[in-house]
Amino acid sequence: MRKQLLTIVMALALASCVPSITLQQAVPTKVGVLQVSPQESWNVLPASMTPFMRKGSQVWTRDGVLLDRLLIIPSVPDGEPLFQERDKAVALPRFKADMLPDELVQFTESSIVKLLGEGGTVVKTLNLRPARFGDQRGVMFGLTATRTEGPAYRGMAGAFIAGKQLNMVLFIAADPHYFEKNRSAAETVITSARL
């Protein structure tokens, strides 16, 4: 009996150390200064599972972070990278508040290459177009990412600059199945972003 009780106590202690994934219901939600309005539920990863993300950002997923991820990145200041720099030897590109749409796309491409690993990663963007996010004018674009090892990815992003800060919602998913499966839910979140 004592052994069983000790086993239960140890299991509970270990379980309390595991970061918990929370459920994001289909309700308007604030992530930093951004408000997004999902129409379907998503799983929100704890910050401890996403050390590459900037403070105040969130990663949502429907089927698991290796299969699909929605990155909600508010308030990137001028001169800062899109993601957290984990290794100073791998310098991330810096956002500039006066970037033109095509420069913003190139900045995003370079940032994703660094995130996925430079060795054999190729990121291409497509279909750059103007978009509105509430009162803010911004851009939307699609992307593909291929790696020498691992699945191919496809995605889409929406971004706008307000108060010299970049706000972006970026969806990346394994192609073709998980991208197509979650495309509509992700696009709804991206296009709903506003201050």
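The structure under discussion appears in the preceding block.
Quick caveat: nothing in here was measured; it's all calculated off a predicted structure.

**Details of the pattern of salt bridges**
- Throughout the structure, instances matching the rule amount to six salt bridges.
- Salt-bridge contacts for glutamate 180 lead to arginine 154; the nearest nitrogen and oxygen are separated by 3.0 Å. Placement of glutamate 180 in helix α3 (residues 177-192) and of arginine 154 in strand β9 (residues 153-162) is noted, with a sequence separation of 26 residues between them.
- Glutamate 180 serves as the salt-bridge partner of arginine 183, at 3.6 Å between the closest nitrogen and oxygen. With arginine 183 and glutamate 180 both in helix α3 and three residues apart, this pair spans about one turn of that helix.
- Look at arginine 183 and you get partly exposed, because its relative accessible area is 31%.
- Salt bridges sharing common partners tie together Arg154, Asp175, Glu180 and Arg183.

**A closer look at the pairing of strand β10 (residues 165-174)**
- Burial of β10 is extensive: nine of the ten residues sit out of reach of the surface.
- Connecting β9 to the next strand, β10, in antiparallel fashion are two residues, including glycine 163 with a positive phi near 60°.

**Looking at the packing of aromatic side chains**
- Following the criterion strictly, the structure yields six aromatic pairs and no others.
- Arranged with centres 6.3 Å apart and planes meeting at 70°, the rings of phenylalanine 52 and phenylalanine 83 form a pair that is edge-to-face. Note that phenylalanine 52 is positioned in the loop between β4 (42-44) and β5 (58-61) and phenylalanine 83 in the loop between β6 (68-77) and α2 (101-116), a separation of 31 residues in sequence. Neither phenylalanine 52 nor phenylalanine 83 differs from the other in exposure class; each is buried.
- Centre to centre, the rings of phenylalanine 133 and phenylalanine 160 are 5.5 Å apart; their planes meet at 25°, and the pair counts as stacked. Of this pair, phenylalanine 133 sits in strand β7 (residues 121-133) while phenylalanine 160 sits in strand β9, and the two are 27 residues apart along the sequence.
- On the accessibility criterion, phenylalanine 160 (2% relative accessible area) is buried.
- Counting every residue linked through ring pairs, the aromatic cluster contains Trp42, Trp60, Phe171 and Phe179.

**Details of α2**
- The end-to-end C-alpha separation of α2 is 23 Å, in line with the 22 Å expected for 16 residues at 1.5 Å each.
- The set of residues buried in α2 consists of Leu104, Val105, Phe107, Thr108, Ser111, Ile112, Val113, Leu115 and Leu116.
- Tucked into the core, α2 has its buried residues touching β6, β7, β8 (136-147), β9 and β10.
- The first or second residue beyond α2 is glycine 117, which carries a positive phi of 110°.

**Remarks on the nonpolar core**
- The biggest cluster of nonpolar side chains holds 33 residues, and the ones touching the most others in it are Leu71, Leu82, Phe83, Phe95, Leu104, Leu166 and Leu170.
- Looking at this core, the elements that each hand over two or more residues are β6, α2, β8, β9 and β10.
- Sort the elements by how many residues they give to this core and α2 lands first, with seven residues.
- Sequence-distant contacts of leucine 71, that is, excluding residues within four places in its chain, are made with Phe52, Met53, Gln58, Val59, Phe83, Met168, Val169 and Leu170.
- The next biggest cluster of nonpolar side chains, apart from the first, holds 23 residues, and it includes Leu34, Leu70, Ala131 and Phe160.

The rules behind the values
- Here the residue index of a chain counts from 1 through its sequence in written order.
- It should be noted that, the model being predicted, local features are given only for residues of pLDDT at least 70 and side-chain atom pairs only at 80 or more, the latter also being counted only at that level, while totals for whole chains, interfaces and linings use all residues.
- Excluding hydrogens and water, the side-chain values take into account all heavy atoms of the structure.
- What makes a salt bridge here is a side-chain nitrogen of Lys or Arg within 4 Å of a carboxyl oxygen of Asp or Glu, nothing more.
- Strands here mean DSSP runs of E at least two residues long; helices mean DSSP runs of H or I at least four residues long; both are numbered from the N terminus.
- Only protein chains enter the accessibility calculation, which uses a 1.4 Å probe. A residue is then buried if its area is under 20% of the maximum for its type, exposed if over 50%, and partly exposed in between.
- By definition, two strands form a pair when at least two bridges between them are found by DSSP.
- Ring pairs shown here join Phe, Tyr and Trp side chains whose ring centres sit within 6.5 Å, with only the six-membered ring taken for Trp; geometry is labelled stacked below 30 degrees between planes, edge-to-face above 60, and tilted in between.
- By this rule the span expected of a helix is its residue count minus one, scaled by 1.5 Å.
- Every residue pair with non-hydrogen atoms within 4.5 Å of one another is taken to be in contact.
- The definition of a nonpolar core used throughout is a set of buried Ala, Val, Leu, Ile, Met, Phe, Trp, Tyr and Cys residues joined through side-chain atoms within 4.5 Å.

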